[in-house]
2 protein chains.
Amino acid sequence: MTEDKMHSEGKIWIFDKAYISEFVYGGIDGAITTFAVVAGAAGAQAEIYYVLLFGFANLIADGFSMSVGNFFSVKTERDNFEKHKQVEYWEIEHLREHEVQEIREIYAAKGLTGQLLEDVVKVITSDKDVWVDTMMKEELEMSKETKAPLNTAFATFVSFNVVGIIPLLSYVIALIFDLNESRLFLISCIATGIALMIVGYLKSYVTEKPWVRGVLETVLLGGLAAVFAYFVGEVLAGWFT
Amino acid sequence: MTEDKMHSEGKIWIFDKAYISEFVYGGIDGAITTFAVVAGAAGAQAEIYYVLLFGFANLIADGFSMSVGNFFSVKTERDNFEKHKQVEYWEIEHLREHEVQEIREIYAAKGLTGQLLEDVVKVITSDKDVWVDTMMKEELEMSKETKAPLNTAFATFVSFNVVGIIPLLSYVIALIFDLNESRLFLISCIATGIALMIVGYLKSYVTEKPWVRGVLETVLLGGLAAVFAYFVGEVLAGWFT
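Rules behind the numbers
Residues numbered from 1 in each chain as written. Chains lettered and ligands numbered in written order. Predicted model: local features only at pLDDT ≥ 70, side-chain atom pairs only at ≥ 80, totals over all residues. Heavy atoms only, no water. UniProt positions renumbered as here; feature names shortened; annotations may be inferred. Helix = DSSP H or I, 4+ residues; strand = E, 2+ residues; numbered from the N terminus. Contact = heavy atoms within 4.5 Å. Domains from an automatic or database assignment. Axes fitted to C-alpha atoms, helices over the stretch in contact; angles between N-to-C directions. Parallel < 35°, antiparallel > 145°, perpendicular 65-115°, else oblique. Left-handed = near helix turned anticlockwise from the far one by under 90°. Nonpolar A, V, L, I, M, F, W, Y, C, P; charged D, E, K, R; others polar. 1 Å grid on protein atoms, 1.4 Å probe; cavity = no way out; pocket = protein on both sides within 12 Å on 5 of 7 lines; lining within 4 Å. Points joined across faces, edges and corners; volume = space filled by probe spheres on them.

Per an unreviewed UniProt entry, the recorded name for chain A is VIT1/CCC1 transporter family protein, and the organism is Fulvivirga sedimenti. Quoted verbatim from the Subcellular location (unreviewed entry) field of UniProt, the annotation for chain A is "Endomembrane system".

So, about the side chain of Lys203 of chain A. Turning to its location among the elements, Lys203 of chain A is positioned in helix H9 (residues 184-207). Among all residues touching Lys203 of chain A, those that are not within four sequence positions of it are Val24, Tyr25, Ile28, Gly214, Glu217 and Thr218 of chain A.

Before going further, it helps to examine the domain arrangement of chain A. Along its sequence, chain A is organised into domain 1 (15-77 + 148-240) and domain 2 (84-139). A C-alpha centroid distance of 49 Å is found between domain 1 of chain A and domain 2 of chain A.

Right, let's get into the packing of helix H3 (residues 48-94) of chain A against helix H3 (residues 48-94) of chain B. One way to put it is that H3 of chain A packs onto H3 of chain B with a least axis distance of 12 Å and a crossing angle of 50°. Classified by the interaxial angle, the pair formed by H3 of chain A and H3 of chain B is oblique. In this structure, H3 of chain A crosses over H3 of chain B, and the sense of that crossing is right-handed. For the pair H3 of chain A and H3 of chain B, contact is made by Tyr50, Phe54, Asn58 and Asp62 of chain A and by Tyr50, Phe54, Asn58 and Asp62 of chain B, respectively. Partitioning the contact of H3 of chain A with H3 of chain B into residue classes produces four nonpolar, two polar and two charged.

Another aspect to go through is empty space enclosed by the protein. A full pass over the atoms with the stated rule returns four cavities of 30 Å³ or more. Approximately 170 Å³ is the volume attributed to the largest cavity. A per-class count over the lining of the largest cavity returns six nonpolar, four polar and four charged. For the second largest cavity, the full set of lining residues is Lys203, Thr207, Lys209, Arg213, Gly214 and Glu217 of chain A together with Phe72, Lys75, Thr76 and Asp79 of chain B. When residues in the lining of the second largest cavity are grouped by element, the largest group, four residues, is from H3 of chain B. Here the lining of the second largest cavity is built from residues that sort into one nonpolar, three polar and six charged.

The structure is reproduced here in structure tokens:
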């Protein structure tokens, strides 16, 4: 495997890998939160009304909170990178000798000694930008967050809602067309299973693992979560009736 | 601000900052997902039974899925670091000249030239571990994920459930003691508000921002999500009755 190939795997179609990641994790969370409502209702044999009520309440509230949470998390990462960078600039102004010594230690650890070490330290500390950049990478091991918070939040919100509505669709359709369909939960399970397979397939691009593993992991995760919700519904319904 | 002070902020009491982060984000998500159920039910004037049914179904299903998702995400980050590291070891064996040139370019960009540059390249490429470590930091800008996936998943699961059960507590207590209390939603709002304030306060340690901001952001986020859920409940109840 060449490095160029590895780097090119970061792109899929027209999307940047960065936003696939938000799409994948937003989608999985959206599907699982509404599928939990559907499964809990099925376990308790609750009416369609309650599936839609709690399904949409969770879809909107969780989708909102997840995307806003994502916005703050990405923004904080960017802010902290800048903050630490400013601290380094401040330190090379005010604690110059200490910071020169840190550069010396970084390169001594790489095996440089004597005059060679001193010459390298001199070159690096002669340019403040190079100096700070070297400290960020070698000492703090911080890398710049390049994603834009508004974009990641938007990608999260869209995928949370688009994928998250899938478990509810059979109930919505049955209601609109006044269908007397007893297999709504089964249809929802199949639709959610297919959605999780697609999202799991995309997940393998993000995680750089075999696609079979992405699909199986995601479907199993959603399936098990729904089983737990189903039994909570069944047990609570048993207590109350 | 000195660097030592900044680094010491990473520790709070006996906890490692790493796990505070999982506690904070697990707790916020747990509280918001069950508070959405409570608020949706309040908007629709649904019975206690449905609050508990969908509250616990979501708490268990989402708590499980979030912590397993966290496990895979941290594990994948660690795996990918190791994978890229192995690729670099492979490349310095099989594409030696290409990789030597990459080291040369990295140090030329720092301002090193002529014999000094060649001497530095020679020292760094004489030790494979130093060589790969330099490529990981300077070229790929990847830093090692030091958190253990099982620990982060466990911290997420515990905080999701411990904080997430708070919005449901007034309903559980009313049911157990058979209380005829009409202000259950109000009590839940107050309890959830206090919980979000505490988690928001802890969040400011993770984000390194003022605590006032951590508290306000978190309480507003949970509050707005609940307002959305409340109106979904109210609107759906209006349609159905």
